[in-house]
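# Descriptive structure summary
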Amino acid sequence: MAFYLKGVKLPHRKNTANSPAVELPPVRQVTIPTSMHIGAPAKIVVKKGDQVFVGSLIAEAGAGLSSPVYSSVSGTVNSVAELLLSNGSTCEAVVIDSDGQMTLDSEIVPPQVNSKEDLIDALSKSGIVGLGGAGFPTAVKFKTDKQIEELVINGAECEPYITSDTVTMLTKADLMKDAIETLVKYFGIKKVIIGIEKNKPEAIANMQKMSSETSNVEIKVLPSVYPQGGEKVLVYHTTGKIIPEGALPIEVGCVVCNCTTIAEIGKYLKTGIPLVSKVVTVDGDAIANPKNVIVPIGTLIKDVIEFCGIKSEIAKVLYGGPMMGISVTDLDKPVIKNTNALLAFTKAEAKVPKTTACIRCGACTNHCPFGISPVAILKSYKANDYEGMKKAGALLCMECGCCSFVCPAKIPNVQNNKLAKLSLRNEPKKEVK
Ligand code: SF4
Ligand code: SF4
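First things first, this report covers the structure right here in the doc. Each chain has its residues counted from 1, following the order in which its sequence is written. Written order decides the labels, with chains lettered from A and ligands numbered from 1. Two thresholds apply to this predicted model, a pLDDT of at least 70 for residue-level local features and 80 or more for giving and counting side-chain atom pairs, whereas whole-chain, interface and lining totals are computed over all residues. Remark: hydrogens and water are excluded; side-chain values derive from all non-hydrogen atoms of the structure.

By size, the foremost hydrophobic cluster in this structure holds 74 residues, and its most contacted members are Phe-142, Leu-151, Met-176, Leu-183, Ile-194 and Ile-262. By the criteria applied, helices consist of DSSP H or I runs no shorter than four residues and strands consist of E runs no shorter than two, each listed in order from the N terminus. The leading source of residues in this core is helix 4 (residues 173-187), at 7 residues. When near neighbours in sequence (up to four residues on either side) are disregarded, Ile-194 contacts Ile-153, Met-176, Ile-180, Met-207, Met-210, Val-217, Glu-218, Ile-219 and Lys-220. Here, nonpolar core means buried Ala, Val, Leu, Ile, Met, Phe, Trp, Tyr and Cys residues that are tied together by side-chain atoms lying within 4.5 Å of each other. Three labels apply to residues, based on accessible area from a 1.4 Å probe with only protein chains included: buried if under 20% of the type maximum, exposed if over 50%, partly exposed otherwise in between. With 11 residues, the next largest nonpolar core counts Phe-370, Ala-392, Leu-396 and Leu-424 among its residues. Residues count as neighbours in contact if any of their non-hydrogen atoms are within 4.5 Å of one another.

To continue, consider the sheet that holds strand 2 (residues 29-33). Two strands pair if DSSP finds at least two bridges between them. Taken together, 4 strands build an open sheet; the order of strands is 2-8-7-4 and the sheet is antiparallel. Looking along the sheet, the strands with just one partner apiece sit at the ends: strand 2 and strand 4 (51-52). Judged from the 2 bridges that link them, strand 4 and strand 7 (residues 75-84) form a sheet pairing that is antiparallel. Bridge assignment links Val-52 to a residue of strand 7, and that residue is Gly-75.

Between its first and last C-alpha atoms helix 4 spans 21 Å; for 15 residues at 1.5 Å apiece the expected length is 21 Å, and the two agree. For helix 4, the full list of buried residues reads Ala-173, Leu-175, Met-176, Lys-177, Ala-179, Ile-180, Thr-182, Leu-183, Tyr-186 and Phe-187. At the exit of helix 4 stands Gly-188, carrying a positive phi of roughly 60 degrees. Expected helix span is taken as 1.5 Å per residue step, with the number of steps being one fewer than the number of residues.

Here we take up helix 6 (residues 231-239). Where helix 6 is concerned, the buried positions are Lys-232, Val-233, Leu-234, Val-235 and Thr-238. Those residues of helix 6 hidden inside the fold are in contact with strand 9 (150-155), strand 10 (191-197), strand 11 (217-222) and strand 12 (254-258). Once helix 6 ends, the next one or two residues include Gly-240, with phi positive near 80 degrees.

Let us look at the side chain of Asn-417. Counting through the fold element by element, Asn-417 comes out in helix 14 (residues 413-425). A relative accessible area of 2% places Asn-417 in the buried class. Setting aside its immediate chain neighbours within four residues, Asn-417 contacts Pro-374, Ile-377, Cys-397 and Cys-403.

This paragraph deals with the environment of Val-109. For Val-109, the location among the structural elements is in the loop between strand 8 (90-98) and helix 1 (116-126). Since its relative accessible area comes to 58%, Val-109 is described here as exposed. Sequence separation between Val-109 and Asp-178 is 69 residues; the distance between their C-alpha atoms is 17 Å. Excluding its chain neighbours within four sequence positions, the residues that come into contact with Val-109 are Thr-271 and Gly-272.

What follows deals with the site of ligand 1. One heavy atom suffices: a residue is near a molecule or strand as soon as one of its heavy atoms comes within 4 Å of it. Around ligand 1, a shell composed of Cys-368, Pro-369, Ile-372, Cys-397, Met-398, Glu-399, Cys-400, Gly-401, Cys-402, Cys-403, Val-414 and Asn-417 is seen. Cavity: a set of points on a 1 Å grid over the protein atoms alone where a 1.4 Å probe fits but cannot get out. Pocket: an open set with protein on both sides within 12 Å along at least five of seven lines, its lining residues, like those of a cavity, having an atom within 4 Å of a point. A cavity or pocket is said to hold a molecule if more than half of that molecule's atoms lie within 2 Å of its grid points. Because more than half of its atoms lie within 2 Å of the grid, ligand 1 is assigned to the largest cavity. Elements that contribute at least two residues to the shell around ligand 1 include exactly helix 13 (402-405) and helix 14. Here the nonpolar group is Ala, Val, Leu, Ile, Met, Phe, Trp, Tyr, Cys and Pro; Asp, Glu, Lys and Arg are the charged ones; every other residue, Gly included, is treated as polar. Each residue belonging to the shell around ligand 1 can be placed in one class, and the counts come to 9 nonpolar, 2 polar and 1 charged.

Below, the discussion takes up empty space enclosed by the protein. Grid points are joined across faces, edges and corners, and a volume is the space filled by probe spheres set on the points. Tallying each qualifying case throughout the model produces 2 cavities of 30 Å³ or more. There is about 90 Å³ of room inside the largest cavity. Around the largest cavity, the lining comprises 13 residues; the ones closest to its centre are Cys-368, Cys-397, Cys-400, Cys-403 and Asn-417. Empty space within the second largest cavity amounts to approximately 40 Å³.

This next bit is on the sheet that holds strand 9. Sheet architecture is open: 4 strands sit in the order 11-10-9-12, paired in parallel fashion. The open sheet is flanked by strand 11 and strand 12, the only strands paired with a single partner. Going from strand to strand, the sheet's axes swing by 25 degrees on average, the running direction of each strand aside. Running over the sheet, helix 4 touches strand 9, strand 10 and strand 11 and is turned about 145 degrees from strand 10. The axes used here are C-alpha line fits, helices contributing only the stretch in contact, and every angle between their N-to-C directions lies in the interval 0 to 180 degrees.

This part is about the pattern of salt bridges. Any Lys or Arg side-chain nitrogen located within 4 Å of an Asp or Glu carboxyl oxygen qualifies as a salt bridge. This structure, assessed with the given rule, holds 15 salt bridges. Notably, a salt bridge pairs Lys-177 with Glu-181, separated by 3.2 Å at the nearest N-O pair. Of this pair, Lys-177 and Glu-181 both sit in helix 4, 4 residues apart, roughly one helical turn. Lys-191 is paired through a salt bridge with Glu-218; the nearest N and O atoms lie 3.1 Å apart. With Lys-191 in strand 10 and Glu-218 in strand 11, this pair connects stretches of sequence that are 27 residues apart. We classify Glu-218 as partly exposed; its relative accessible area is 27%. By sharing partners, the salt bridges in this structure join Glu-387, Lys-390 and Glu-427 into a single network.

So, in structure tokens, the structure goes:
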């Protein structure tokens, strides 16, 4: 597969770039899912009536790939409920009535880290998962026998509106520095590269100051081209390495972590407080006062949006940015570990454009970071041609949405690609004769 890396220029709309994060006032109740990561859901260890505090374990990591879950408030367990997630799957969730005190669990102490094994154990217990993407458990990324040549830290934040990573780079450089130094020391990482789009000059300056006080950290200023923060794109633009199709970054000696993930690692190593809250950018034309908000995990979306104020009737809410975000089915869904933004749009802004026939202009392929042809994928999908879909690159598609954005016929190419990928996941097994 060719590697074009073209992407698209998007309006930035970073309205909250200079808004320091503000704490959400205590909420009445939180609903904390056991599945906020890639892998097995966590196993609930509390029951109705139990008293919990901020940072109390409420669900331990499941077997294999998983991550523990901690209470984000102090209060009493109300119930264990089944929750329909926005991706259509279900999981158990712990509903906790908050006492409004936000009392920290008194048993929390910083982890003792004196070896690589100690550090992996600490990362596993921290509950930290990839906070900028799909929620891959962070400890697993570092649990490798391969030499980590480069730790690539993603500060690109290329989606419009979202500024929560920018806030991290502006306000948590000290925690990032501590985390980087510990990771480098125990994992023998040769080089750390922080990739930041050039539209964030203050964040770049702050990271350059931090890197000048830390050995082996380089700041790479990247063009503001979407999807600069896509894992394969970022690794190519920061190291020049190409991750083969279907492989993880470690295949080329890289581990990729979001900058907010790195800051959370620093906080956990310093305080022992596991991942219990997120900075969330709240924006969109239906929001009265866009801001970055520090939100306890499990807080309902409606509570966060109400805090920022509603100026016009909301027609659509997204978890994440306008290019890759997931549409929220109702506002009673919770903020989860990898929620970095909540965007609320009016009917006018959320309007779906009318689709016309494909004019074979090739813009979709020309702007795809990997040169994929959504037209070829769709043709094979309609013919149930599984090999054709694979050959056309359906499995390489990272669902960035560039091909939909540039299409003059307004064809929902990325949605079509998602359907093709889903059908490949359910591909009937071939009979062995
Ligand atoms: S959604 Fe997939 S096919 Fe479309 S531009 Fe992105 S990677 Fe390419
Ligand atoms: S950009 Fe749209 S109109 Fe042009 S080839 Fe692709 S799908 Fe067809």
